[in-house]
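# Summary of the model geometry
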Amino acid sequence: MTWNEQLDKLLKKVEKPARYIGGELYSADKDPREVDTRFAFAFPDTYEIGMSYLGLQIIYHVLNKMERVYCERVFAPAQDMEALLREEQLPLFTLETGTPLSEMDIVGFTLQYELSYTNILNILDLAGIPLKSEDRGEEHPFIAAGGPCAFNPEPLAPVLDFIMLGDGEDALREVCEAHRSWKASGAPKREFLEEICRLPGIYVPSFYEPVYGENGVFSHMKKLYDGAPDKVEKRMVENLDEADFPEHTIVPLIDVVHDRAVVEIFRGCTRGCRFCQAGMIYRPVRERSAERIKALAKSQIEATGYDEMSILSLSTSDYSKIEPLVTDLMSTCRENNVALSLPSLRLDSFSFNVLQEIQGYKKSGLTFAPEAGTQRLRDVINKNITEKDIYGAMEQAAELGWNGVKLYFMIGLPTETYEDLDGIAEVAQNIMDVACQANGGRRGRFHVTVSVSNFVPKAHTPFQWCAQDSEESFREKHIYLKDKLRKIKGVTFNYHETHTSHLEAVFARGDRRVCDTLIKAWELGCRFDGWSEHFRYDTWLEAFRQTGISDDFYAFQELSTDAPLPWDHIDCGVSKAFLRSEWEKALKEVCTQDCRRGCAGCGINSRTTCEREGTL
Amino acid sequence: MSRYVIQFYKKGAMRFISHLDLLRLFKRTFKRTGIKLIYSQGFNPHPKMSFVQPLSLGYSSEKEYLDFETVEQFSCEDIVSRLNTALPKGVGLTDCRQLAPSKRTLAAVVEYGSYTATFRMGGTLSIAELKEKLAAFLALNEIIVEKKQKKTGKLVQQNIRPMILDMTLEEADPKSAGGGEGNNNITLTLLVCAGSNRNLNPEVLLKAFCESCGVPFIPEEAELTRNELYYKKPGSEQLLSIFDCQPSAESEAF
């Protein structure tokens, strides 16, 4: 049987076989013999999730534009496919050419969330690639990673040959150029790593060794190769207008989570919420010009035939010329029979006008993220939103005919008390009252959904030193809120599972030692931990037990601000001194201004210009 | 306003996309190629286009048909060339015809479909013996299969014999897909009811036949292709390709 026939046989047995066939419009079709670098972009979750991720489209576009590089894709196979591959002893393969992953030159994973890590191991294993870099030979591909979780890469350090920090466009191009010359030289793999660790943004973990002091506390990083930098600075694309952005995005054949045209309007965020990792690591704000956004939107719509388009950023309304931009995009979309969707819009009167127009009769999807129930706690987390903002917007929403809102809160935030939880219920109640009033005293069909997630301290944020709440405490708070909110008519309460939040905390602040637990958990069968139907907490606990690693050590410890941290050698551009002062201000309930009102002194402007500094 | 029917194939990896995926693919392809379709009125406007008969996931097809209405008039050649440049490999147009405007869709007219199934027959029967088995199978007045009712989930018995027009068995071409090397690779050609009125799933028939030969039918190991869709003119017994149908000319006597 040929490989294609073997593959066909599998495809006939699995659910959603088109996850594995490639062949979509604008997927790259190159002759592998005509390239020097075969790069697999690996997304450690299913096709439907991976294909909704814009970063994949950008990287794919950037790499395939290079004549001597062929970027292909691989996703985590669903469990039915995994079982068949193992049963038939067939290797995991790329979508574009069906090539076994082990034949690639570089396999690059994107680290979007901690709970996808077991899928990384599973992908490597299904490809017959040894999990740890030290066990791999000259014949194996380089295993790399990038993305937000790469800012604390230590839990995966033993697995990865190199890690790319920050914006990938330029770094990947340079890595591939370096790969081409290295390949031509015929030198051993180590020389390639020695070469690329000099490139800004590239971290080669095997050139560093963590040293732990007494009690097993992290002490410092020992450099094992002199040519490696002491600190690895993240890469930044300075000018988004000059950065490559795909117009011909791959158009999936099957239904994926976000199946639409999308243009990124800016990177970074000026608001400085203290729990938010994205708000720190993607600094500073870099906007794409309105002209370029409009041109990209138009050409993407024309090239793909999508009937929906969206714009992407951390906070849509903060775009400097958002009103004219949205007005123009609305007219482009209208002319092309395309529905425009605007995520993370701040609810001011302009937004309402826009939403009225684009949503028409289908009034859906109003969301608000106060994050905390009291002004005090919102000051602690530096979430600059007031109750007046919320109620004013809700009054308007109810008057305009919206019949519901979804509210996002976080619990377990530092300094939180039960008064703050009461505040959550009060906000929900007050919104209900406002809506009733606007509706002539009747509730009508107005509905409030309160969605609560559990705070996870993340590296490179002012809250990186905080302890996470215990699972017991989370559960008590959930019960408390459930009870309070049950008494308010028209309120639905959702909350996140505590086990997954706990595990996230372990890996968000983990050091190299937790890698053994990760591997053990995978060996014991953990996969797709982000999927509640697949998540097996007992197995995870067993993995911690067997590897002698304490999950509590990583999740529940409040770290000293003077102590060295396992990710100190990763430099995201925001200084530790700034994070420390933000943490101290948080404890004093003091806000820090949005940097559009004046520099907050995070340190990023020592590396680049902040175009939005002081513009408000 | 103009109305057309296109004839296209769906094969290779594209047989793994579903009916709904194909619908979405055509919707986007029309959009991309600047062929504006007429949209229905109402709260949830959708383009006026319909497949003559949905094709199951995993099946190849030589001749599928899509019936649609456009805002502007195009030549059939123009439609074929525009869509063919924009469709992914594995889906392509072979022809296009204009239809007279009519409320009646081709989906309402189609009655029969022809399929080929190539697979390895288990058991020890030779091709000649299998042919005899088939003759005996077709000589039955009743072929009863159990079918799950969609709504209730109850198993009901159904006689599928009246929905079988013809069935032939050959030794598979060793070079054909699903043929392969080895013994007892057979190709069955089926002519069965296909349409909104009466429809026989080829796999139900293949299972019934294999069981009559004392072997199981393993769907994953069969290569299934739809060859053509047919209709009959009232009062005539001749099967005509649905592509030759002008629905406006077909009376409501159906």
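Nothing here was measured: the structure is a model prediction, and the numbers come from that model.

### Digging into the overall build of chain A
- Looking only at helices and strands, chain A features 20 helices and 19 strands.
- Against the globule reference of 25 Å for 616 residues, chain A gives a C-alpha radius of gyration of 25 Å, in line with a compact fold.
- Taking the principal axes of the C-alpha coordinates as reference, chain A spans close to 75 × 65 × 50 Å.
- For chain A, the residues scored as buried account for 59% of the 616 residues in total.

### Focus on the pairing of strand 3 (residues 60-70) of chain B
All names here are of chain B.
- The element strand 3 is extensively covered by neighbouring structure, given that nine of its 11 residues are classed as buried.
- Sheet topology places strand 1 (residues 2-10) next to strand 3; eight bridges connect them, and they run antiparallel. Looking at the pairing, Ile6 lines up with Leu66 of strand 3.
- Looking at chain direction, strand 2 (residues 49-51) and strand 3 are connected through three bridges and run antiparallel.

### A short note on the pairing of strand 18 (residues 491-495) of chain A
Residue and element names in this part refer to chain A.
- Judged from the five bridges that link them, strand 17 (residues 447-454) and strand 18 form a sheet pairing that is parallel. Bridge pairing in strand 18 links Val448 to Val491.
- Regarding the hand of the β-α-β motif, the stretch spanning strand 17, helix 15 (residues 471-486) and strand 18 is right-handed.

### With respect to the pattern of salt bridges
Residues and elements named next belong to chain A.
- The full count for this structure, using the stated rule, is 69 salt bridges over all chains.
- Of the charged contacts, one joins Lys458 and Glu114 as a salt bridge, the two residues approaching to 3.0 Å between their closest N and O atoms. Here Lys458 is found in the loop between strand 17 and helix 15, whereas its partner Glu114 is found in the loop between strand 3 (106-110) and helix 5 (117-126), with 344 residues between them in sequence. The same class applies to Lys458 as to Glu114, namely buried.
- Glu589 is the partner of Arg376 in a salt bridge, and the nearest nitrogen-oxygen pair spans 3.1 Å. In this pair, Arg376 is assigned in helix 12 (residues 375-381) and Glu589 in the segment after helix 20 (576-587), connecting sequence segments 213 residues apart.

### Brief notes about the nonpolar core
- Formed by 164 residues in total, the largest nonpolar core has its most connected members in A:Phe109, A:Phe162, B:Ile6, B:Phe26 and B:Ile79.
- Not counting residues up to four positions away in its chain, the partners in contact with B:Ile6 are B:Phe26, B:Glu64, B:Tyr65, B:Leu66, B:Phe68, B:Ile79, B:Leu83, B:Leu93, B:Asp95, B:Cys96 and B:Phe243.
- Formed by 69 residues, the second largest nonpolar core is a distinct cluster that contains A:Val62, A:Leu340, A:Leu366 and A:Val452.

### Details of the packing of helix 4 (residues 79-88) of chain A against helix 5 of chain A
Residue and element names in this part refer to chain A.
- Between helix 4 and helix 5, whose axes approach to 11 Å, the crossing angle comes to 30°. Relative to helix 5, the element helix 4 is oriented roughly parallel. The handedness of the crossing between helix 4 and helix 5 comes out as left-handed. When helix 4 is examined against helix 5, the residues Glu82, Leu85 and Arg86 are found in contact with a partner set consisting of Asn122, Asp125 and Leu126.
- Split into classes, the residues belonging to the contact of helix 4 with helix 5 amount to two nonpolar, one polar and three charged.

### Some remarks on the environment of A:Lys487
- For A:Lys487, the position within the fold is in the loop between helix 15 and strand 18.
- Separated by 62 residues in the primary sequence, A:Lys487 and A:Ala425 place their C-alpha atoms 9.5 Å from one another.

### As for the side chain of A:Glu169
Residue and element names in this part refer to chain A.
- Tracing the backbone through its elements, the reader meets Glu169 in helix 6 (residues 168-185).
- Among the polar contacts listed, one links the side chain of Glu169 to the side chain of Arg267, at a separation of 2.6 Å.
- Leave out the neighbours within four places in its chain, and Glu169 touches Ile58, Ile59, Val62, Val237, Ala243, Asp244 and Arg267.

### Some words on the interface of chain B and chain A
- Taken together, the contacts link 21 residues of chain B with 27 residues of chain A.
- Summing the contributions of chain B and of chain A, the shared interface buries around 2,100 Å²; its carbon and sulfur component is 56%.
- On inspection of chain B and its partner chain A, the count reaches six salt bridges.
- When residues in the side of chain B that touches chain A are grouped by element, the largest group, seven residues, is from helix 1 (residues 19-32) of chain B.
- Its residues assigned to classes, the side of chain B that touches chain A shows 10 nonpolar, one polar and 10 charged.

### What about empty space enclosed by the protein?
- Following the criterion strictly, the structure yields six cavities of 30 Å³ or more and no others.
- Estimates place the volume of the largest cavity at around 150 Å³.
- Residue lining of the largest cavity: 17 residues in total, with A:Pro284, A:Cys595, A:Cys602, A:Ile604 and A:Cys610 positioned closest to the centre.
- Each residue belonging to the lining of the largest cavity can be placed in one class, and the counts come to nine nonpolar, four polar and four charged.
- Around the second largest cavity sit A:Leu25, A:Val251, A:Pro252, A:Leu253, B:Asp21, B:Arg24, B:Leu25, B:Arg28, B:Arg32 and B:Pro88, which together line it.
- When the residues that make up the lining of the second largest cavity are grouped by side-chain class, the tally is six nonpolar, no polar and four charged.

### A short note on the packing of aromatic side chains
All names here are of chain A.
- A complete count under the given rule lists 32 aromatic pairs over all chains for this structure.
- With centroids separated by 6.1 Å and ring planes inclined at 75°, the aromatic side chains of Phe162 and Phe192 adopt a geometry described as edge-to-face. Of this pair, Phe162 sits in strand 5 (residues 162-164) while Phe192 sits in helix 7 (residues 189-196), and the two are 30 residues apart along the sequence.
- Residue class for Phe192 comes out buried when judged on its relative accessible area of 0%.
- Across the ring face of Tyr212, the terminal group of Arg513 is positioned such that the distance to the ring centre comes to 3.6 Å.

### Observations regarding the side chain of B:Thr70
All names here are of chain B.
- Along the chain, the position of Thr70 falls in strand 3.
- Thr70 gets classed as buried once you look at its relative accessible area, which sits at 0%.
- A polar contact of 2.5 Å, which involves the side chain of Thr70, links it to the backbone oxygen of Glu72.

### Some words on the sheet that holds strand 6 (residues 202-203) of chain A
All names here are of chain A.
- Here six strands make up an open sheet; going across it, the order is 2-1-3-4-5-6 and the pairing mixed. Across the chains shown, the open sheet's two edge strands, defined by having one partner strand only, are strand 2 (69-75) and strand 6.
- Bridging between strand 4 (residues 142-146) and strand 5 involves two bridges; their strand directions are parallel. In the strand pairing of strand 5, Ala145 is matched with Ile163.
- Packing of helix 3 (residues 54-64) onto the sheet brings it into contact with strand 1 (37-43) and strand 2, and relative to strand 2 it is tilted by some 155°.

### Observations concerning helix 1 (residues 3-11) of chain A
All names here are of chain A.
- All of the buried residues in helix 1 are Leu7, Leu10 and Leu11. One side of helix 1 carries all its buried residues, which in axial view fall inside an arc of 100°.
- Of the surrounding elements, those touching the buried residues of helix 1 are helix 4.

### So, the environment of B:Asn185
- The topology assignment puts B:Asn185 in strand 9 (residues 185-193).
- Look at B:Asn185 and you get buried, because its relative accessible area is 6%.

### Side note on the sheet that holds strand 10 (residues 261-264) of chain A
Residues and elements named next belong to chain A.
- Taken in spatial order, the three strands of this open sheet run 10-13-14, and their pairing is parallel. Where the open sheet ends on each side, the last strands, each with one partner, are strand 10 and strand 14 (339-341). Pairwise comparison of adjacent strand axes, ignoring direction, gives a mean angle of 20° for this sheet.
- Looking at chain direction, strand 10 and strand 13 (residues 308-312) are connected through four bridges and run parallel. Each residue of the ladder has a partner; that of Glu264, found in strand 13, is Leu312.
- Sheet strands in contact with helix 9 (residues 290-304) are strand 10 and strand 13, and its direction is about 160° off that of strand 10.

About the criteria used
Residues numbered from 1 in each chain as written. Chains lettered and ligands numbered in written order. Predicted model: local features only at pLDDT ≥ 70, side-chain atom pairs only at ≥ 80, totals over all residues. Heavy atoms only, no water. Helix = DSSP H or I, 4+ residues; strand = E, 2+ residues; numbered from the N terminus. Rg over C-alpha atoms; globule rule 2.2 N^0.38 Å. Buried < 20%, exposed > 50% of the residue type's maximum accessible area, 1.4 Å probe, protein only. Pairing = 2+ DSSP bridges. Right-handed = clockwise from strand over helix to strand, strands pointing away. Salt bridge = Lys/Arg side-chain N within 4 Å of Asp/Glu carboxyl O. Core = buried A, V, L, I, M, F, W, Y, C linked by side-chain atoms within 4.5 Å. Contact = heavy atoms within 4.5 Å. Axes fitted to C-alpha atoms, helices over the stretch in contact; angles between N-to-C directions. Parallel < 35°, antiparallel > 145°, perpendicular 65-115°, else oblique. Left-handed = near helix turned anticlockwise from the far one by under 90°. Nonpolar A, V, L, I, M, F, W, Y, C, P; charged D, E, K, R; others polar. Polar contact = N/O pair within 3.5 Å; in protein donor to acceptor, adjacent residues only side chain to side chain. Buried area = accessible area lost by both parts, 1.4 Å probe. 1 Å grid on protein atoms, 1.4 Å probe; cavity = no way out; pocket = protein on both sides within 12 Å on 5 of 7 lines; lining within 4 Å. Points joined across faces, edges and corners; volume = space filled by probe spheres on them. Phe/Tyr/Trp six-rings, centres within 6.5 Å; stacked < 30°, edge-to-face > 60°. Lys NZ or Arg CZ within 6 Å of the ring centre and 35° of its normal. Arc of directions from axis to C-beta.

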